Every structure is written in structure tokens, then in C-alpha cells.
Amino acid sequence: MHNPTRWIPVQAPPNPVEPAAGLTPEMAAVATGARRRAVRDGDRHTDTAHLLHSLIESDSEVREAFDDGPRPARVLGYLVQRSIGYGLRWQGVPERSGALPALQDTADLWSPSAAAALARAVRGAGLRGEPRAGGLDLLAALVADRQCRAVEVLEHAGVDAAWLAGRTADRLAGAVPG
């Protein structure tokens, strides 16, 4: 008698942060792009530097917040080197910035800082009466955590995170500086 092998599909572990929840479709694509970049780079967790990379590449409003000068290009240049240079010391090490406690479940796909940034972006949009968080909300959330990898990348690329936080806040408030 033939005993067929029964294949049971393996489900991915639950993700404690559903990046699309509360984000615009464009920002959900940014989160997906960041996750894809992390996997391609061989990183277990998607961190704030992955989010920053995907965000700058995808959102023109975010690039404009940098004052449209050479800053976005310098940051992207620094981020591109992640898999061959500065980021090698981060491979396999979860990002911990104090935003959230250390990861309890190694199946989590987002670093504590990235998960906190996504949640902070959604909360910030809600406080302004917006139903979903956009690119500037996520940028504001990233630069709010002065100990995260995204801020480290910004500072290494010569961008003052406090200055960028002020410009982003002004843009979110509708007072776009010239």
C-alpha cells in the first residue's frame, strides 16, 4: 500500500509589528522594502537604518526635508556601504537603542527601535488627525530616537539629526521653511 507523504505548510512566525497597520500604502511599501533589504543583506532583523534607506529612496518629501542639497545623496552613499563596510559590525546583532526592551522572541522581524519608530510614526499621524502615517511621520519617528542606527548613519554622513528633526517637525506642522 502506498502511504503518501503529507506536506504541512510551515507558517512564518508571527510578526509582532504589522508594518502596514496605520501606514499609507507608500509607507507600507517602504516598510516592505526595508524588510527586503534586511533579508538581502543577510540581517535577521530590519532596523532603523534599513527603514531610513528605503524611506529616502522612496519619498520625495523626505528628501526635500534634507534641504534638497547633497545630504540625501551622502546618506544614501553611506547606507549603500552597509553590506560591505560599516554595517558589518551590526550583522546578527539586534539594534538596541533604549526605545524598547531587548527582543524576547528571536523570530521577530523588526528591531525594537524599528518597531518603536513605526509605532511612533502612526501615533504622531493620529495626533495630527491623520488616519495613516506618511514619510515625514516616519522620518520624525526615526530622528526622535537619538540612539538608533538611523541617527548614527545620519551623523556619520554629516547630517545633524536635531536639525533634521526640526525641519521635519516644521513640515509636519505645515510651516515649511524655505
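A short tour of the structure in this document, coming up. Every value quoted in this text rests on a predicted model; they were computed, and no experiment measured them.

**A word on the packing of helix H2 (residues 48–58) against helix H6 (residues 135–144)**
- Packing of H2 against H6 brings their axes to within 11 Å, and their N-to-C directions diverge by 145°. The way H2 lies across H6 gives a crossing that is left-handed. In this structure, H2 contributes Thr 48, Leu 51, Leu 52 and Leu 55 to the contact, and H6 contributes Gly 135, Leu 138, Leu 139 and Leu 142.
- A per-class count over the contact of H2 with H6 returns six nonpolar, two polar and no charged.

**So, the packing of aromatic side chains**
- What the rule picks out here adds up to zero aromatic pairs.
- The lysine or arginine in question, Arg 71, covers the ring of Trp 163, its NZ or CZ lying 4.2 Å from the ring centre.

**Let's talk about the nonpolar core**
- Counting 39 residues, the largest nonpolar core has Leu 52, Phe 66, Val 75, Leu 138 and Leu 139 as the members making the most contacts within it.
- Looking at this core, the elements with two or more residues in it are helix H1 (25–40), H2, helix H3 (60–65), helix H4 (71–80), helix H5 (112–127), H6, helix H7 (149–156) and helix H8 (161–173).
- Beyond its immediate chain neighbours, meaning those up to four positions away, Phe 66 contacts Ile 56, Arg 71, Pro 72, Val 75, Leu 139, Leu 154, Val 159, Trp 163 and Leu 164.

**Examining H4**
- Taken residue by residue, H4 has Pro 72, Val 75, Tyr 78 and Leu 79 as its buried positions. Relative to the axis of H4, the buried residues are bounded by an arc of 125° and lie together on one face. Along H4, the residues that are exposed and aim more than 90 degrees away from the buried face are Ala 73 and Val 80.
- Buried residues belonging to H4 abut H2, H3 and H7.

Reading the values: the criteria
- Residues numbered from 1 in each chain as written.
- Predicted model: local features only at pLDDT ≥ 70, side-chain atom pairs only at ≥ 80, totals over all residues.
- Heavy atoms only, no water.
- Axes fitted to C-alpha atoms, helices over the stretch in contact; angles between N-to-C directions.
- Helix = DSSP H or I, 4+ residues; strand = E, 2+ residues; numbered from the N terminus.
- Left-handed = near helix turned anticlockwise from the far one by under 90°.
- Contact = heavy atoms within 4.5 Å.
- Nonpolar A, V, L, I, M, F, W, Y, C, P; charged D, E, K, R; others polar.
- Phe/Tyr/Trp six-rings, centres within 6.5 Å; stacked < 30°, edge-to-face > 60°.
- Lys NZ or Arg CZ within 6 Å of the ring centre and 35° of its normal.
- Core = buried A, V, L, I, M, F, W, Y, C linked by side-chain atoms within 4.5 Å.
- Buried < 20%, exposed > 50% of the residue type's maximum accessible area, 1.4 Å probe, protein only.
- Arc of directions from axis to C-beta.

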